[in-house]
Amino acid sequence: MIAVLISGGLAMVIALLGTPLFIRYLVHKQYGQFIRQDGPTAHFTKRGTPTMGGVVIIGATLLGWVGGLIATGTPPRASAVLVLFLMTGLGVVGFLDDFIKISRQRSLGLNARWKIVGQGIVGITFAVVALQFPNDKFRTPASTRISFIRDTNLDLAFWGVTVGTILFVIWANFLITAWSNAVNLTDGLDGLATGVSLIVFGAYVIVCVWQFNQSCQILASVGPRCYETRDPLDLAVVAAAITGACFGFLWWNASPAKIFMGDTGSLALGGALAGLSILSRTEILAAIIGGLFVVIVMSDVIQIGFFKLTGRRVFKMAPLHHHFELSGWGEVTIVIRFWIIAGLFVALGVGIFYAEWVAG
């Protein structure tokens, strides 16, 4: 448990102190954000704000995780390494996207085709490796079973190992793409995506610590409600490091933002959330814990779908937070209220997680 506290605290300090140094470097290089022309006009004042702040979030997370392991003498385990690989790999894809925007001085970055290819390479590698490396209890980091709060009876390997592996890779990449795009869409106001991510990953610290305390691998008397997650404590350490990194970064990302996380950060955080949900066997529950991300994605889907069908718009602008901007809400008001909603979704998700255990 000490590793959880150390990793979170260390990542927070590194992000808090490292972000202003990174801001100075970006300002010196004149690496600033370009604003989409069809967005809210109030955002034009943000043009030139340093971006690619996700580099700090990723770096602080990795250093916080390593620090937690060193301080407690804990060896790295497969589950944690896989989540961090997914986070860093998608962060690299996002970094390329951000860098192209800056170097070519436009609001559009990496070509959509190459972005999908990059995400696919990282996602497929993660999914395939996650079904390997069984520990001494014969448990692999991931499972071919679809999970809600724990593995269900819906096994993708019903038709055979090969078919099950292929279906799992498809399912995992759907989740990875969905979550990375969800965080990316949410990252439209100062501090919004960072604050929501902080709350969501904080919830995963609680979930994974509880899974560790009720793990089927360590309980003397295994009951029906124990958890089959292979490395729950290691996942809690990673979640704590990400939470701490978001805490430190939010200090500088809060309105008026001194730096944006960019696609580097949003894709990385979305990938980490997908990885945690898959390896902690909470794939469906994650849609409740991260409910605000889901709502924002759905607002975009509804807007596009309704416009194609009728030629009219449901919202003044999508994603949802821009609708409220154009309705006259202040940016800080929107962000704080959305944080509150995100907290309510997290409370509901964690409450369902605990209630399922009690009911069992």
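A brief structural summary. Values in this document were obtained by computation on a predicted structure and should not be read as measured data.

About the cut-offs
Residues numbered from 1 in each chain as written. Predicted model: local features only at pLDDT ≥ 70, side-chain atom pairs only at ≥ 80, totals over all residues. Heavy atoms only, no water. Helix = DSSP H or I, 4+ residues; strand = E, 2+ residues; numbered from the N terminus. Buried < 20%, exposed > 50% of the residue type's maximum accessible area, 1.4 Å probe, protein only. Contact = heavy atoms within 4.5 Å. Pairing = 2+ DSSP bridges. Expected span 1.5 Å × (residues − 1). Axes fitted to C-alpha atoms, helices over the stretch in contact; angles between N-to-C directions. Parallel < 35°, antiparallel > 145°, perpendicular 65-115°, else oblique. Left-handed = near helix turned anticlockwise from the far one by under 90°. Nonpolar A, V, L, I, M, F, W, Y, C, P; charged D, E, K, R; others polar. Phe/Tyr/Trp six-rings, centres within 6.5 Å; stacked < 30°, edge-to-face > 60°.

**Quick look at the environment of Ala 318**
In step 1: Structurally, the position occupied by Ala 318 is in the loop between helix H10 (291-310) and helix H11 (320-326).
In step 2: Classification of Ala 318 by relative accessible area gives buried; the value is 12%.
In step 3: For the pair formed by Ala 318 and Ile 116, sequence separation is 202 residues and the distance between their alpha carbons is 22 Å.
In step 4: Apart from residues lying up to four places away in sequence, Ala 318 is in contact with Ser 299, Asp 300 and Gln 303.

**A short note on the pairing of strand S2 (residues 151-155)**
In step 1: As judged from the 2 bridges shared by strand S1 (residues 145-147) and S2, these two strands associate in the antiparallel manner. Within S2, the position partnered with Ser 147 by the bridge is Asp 151.
In step 2: In this structure, the hairpin formed by S1 and S2 is closed by a connection of 3 residues.

**Brief notes about helix H8 (residues 262-279)**
In step 1: The first and last C-alpha atoms of H8 sit 26 Å apart over 18 residues, in line with the 26 Å expected at 1.5 Å per residue.
In step 2: The element H8 is largely enclosed, with a buried count of 18 among its 18 residues.
In step 3: Directly after H8, the chain includes Arg 281, whose backbone phi takes a positive value near 60°.

**A closer look at the packing of helix H5 (residues 161-186) against H8**
In step 1: Viewed as axis vectors pointing N to C, H5 and H8 meet at an angle of 140°, and their least axial separation amounts to 7 Å. When the interaxial angle is binned, H5 and H8 end up oblique. When you trace H5 past H8, the crossing you get is right-handed. Taken together, the residues of H8 that come into contact with H5 (itself represented by Phe 168, Ala 172, Leu 175, Ile 176, Trp 179, Ser 180, Val 183 and Asn 184) are Asp 263, Ser 266, Leu 267, Leu 269, Gly 270, Gly 271, Leu 273, Ala 274, Ser 277 and Ile 278.
In step 2: Along the lines of polarity and charge, the residues of the contact of H5 with H8 split into 11 nonpolar, 6 polar and 1 charged.

**Some words on the packing of aromatic side chains**
In step 1: Tallied over the full model, the rule gives 11 aromatic pairs.
In step 2: On the numbers, 6.4 Å between centres and 80° between planes, the contact of Trp 179 with Phe 293 is edge-to-face. Here Trp 179 is found in helix H5, whereas its partner Phe 293 is found in helix H10, with 114 residues between them in sequence.
In step 3: For Trp 179, a relative accessible area of 6% gives the class buried.
In step 4: Between Trp 210 and Tyr 354 the ring centres are 5.6 Å apart and the planes differ by 80°, which places this aromatic pair in the edge-to-face class. Highlighted residues: Trp 210 in helix H6 (residues 192-213) and Tyr 354 in helix H12 (residues 331-359), separated in sequence by 144 residues.
In step 5: Relative accessible area serves as the criterion here: at 25%, Trp 210 is assigned to the partly exposed category.
In step 6: Using a relative accessible area of 43% as the deciding quantity, one classes Tyr 354 as partly exposed.
In step 7: In this structure an aromatic cluster arises from ring pairing among Trp 210, Tyr 354 and Trp 357.

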